[in-house]
Amino acid sequence: MFYSVLRGIVRVLILLINGNTHYLNRDKLPDGPYILVGPHRTWFDPIFFALAASPRQFSFMAKEELFKNPVLRFILRHANAFPVDRKNPGPSAIKKPVKILRKGQLSLIMFPSGTRHSEELKGGAMVIARLSGVPLIPAVYQGPLTFKGLLRRKRITISFGDPIMVDRKQKTDKAGIAHVDQQMQTAFDQLDHAIDPNFKYTPTPKKNQ
């Protein structure tokens, strides 16, 4: 209930602030649970991913520091987020989302690169997909990277790609992770090119975000 109400409020705010959003290939989204994966380009791209994939509800990984604020902790927990220690993630960073996905009610949004300032893919999404038996759905965000850009009503495009299935027999060694990482990166590149053949992501300096 809280998630649905919050999503409705955010949708109205986005419409007022920007109102120039475009969602492509929504027909590629499965009916059941999945892991939505994409390159992390701005602090608000998970919001647009969640809106684009509506009415599906999502769970999120959030750095544990955010849960220290009681008000923010209340909002995050009721928005299906769970804390993760980024420096020392531990087994719970895998077990928690796997448990959520197996229940079938929520999907998961993940950024394999882990940070807005890194293009290095990591193996967490692949391992979670393998253990939970759900597909990886690649997605990309193209649009303004700062709140100021949103206010200028610059075009925002979210596009979804074909599901990537991870076989339960897939090894989670370096080679196995690299194979799935390459599949995701190829999908991101193809989606970006389809939206804009000249697109090139240039991270905004941290001090300006």
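If you're wondering where the values come from, they're calculated on a predicted model, not measured in any experiment.

Procedures and definitions
- Residues numbered from 1 in each chain as written.
- Predicted model: local features only at pLDDT ≥ 70, side-chain atom pairs only at ≥ 80, totals over all residues.
- Heavy atoms only, no water.
- Helix = DSSP H or I, 4+ residues; strand = E, 2+ residues; numbered from the N terminus.
- Phe/Tyr/Trp six-rings, centres within 6.5 Å; stacked < 30°, edge-to-face > 60°.
- Buried < 20%, exposed > 50% of the residue type's maximum accessible area, 1.4 Å probe, protein only.
- Pairing = 2+ DSSP bridges.

(A) Expanded view of unusual backbone geometry. In the segment running from Ser54 into Pro55, the intervening peptide bond is cis, with an omega of 15°. Locating Pro55 in the fold gives a position in the loop between α2 (45–52) and β3 (58–63). Positive phi is not limited to glycine here, since Asn25 has a value of about 65°.

(B) Just the packing of aromatic side chains, in detail. If you walk through the whole model with that rule in mind, you get seven aromatic pairs. Considering the side-chain rings of Phe2 and Phe74, the 5.9 Å spacing of their centres and the 85° angle between planes classify their relative orientation as edge-to-face. Of the two residues, Phe2 is situated in helix α1 (residues 2–17) and Phe74 in helix α3 (residues 70–78); the sequence distance between them amounts to 72 residues. Taking the centre distance of 6.1 Å and the plane angle of 70° together, the rings of Phe44 and Tyr141 count as edge-to-face. Here Phe44 is found in the loop between β2 (35–37) and α2, whereas its partner Tyr141 is found in strand β6 (residues 136–142), with 97 residues between them in sequence. Tyr141 gets classed as buried once you look at its relative accessible area, which sits at 0%.

(C) Seen up close, the pairing of strand β5 (residues 107–110). By the alternation rule, side chains of β5 split into Ser107 and Ile109 and Leu108 and Met110, which are all buried. Pairing between β2 and β5: three bridges, direction parallel. For Val37, the partnering residue across the bridge sits in β5 and is Met110. Alignment of β3 against β5, held across three bridges, turns out to be parallel. Paired with Ser59 across the strands is Leu108, a residue of β5.

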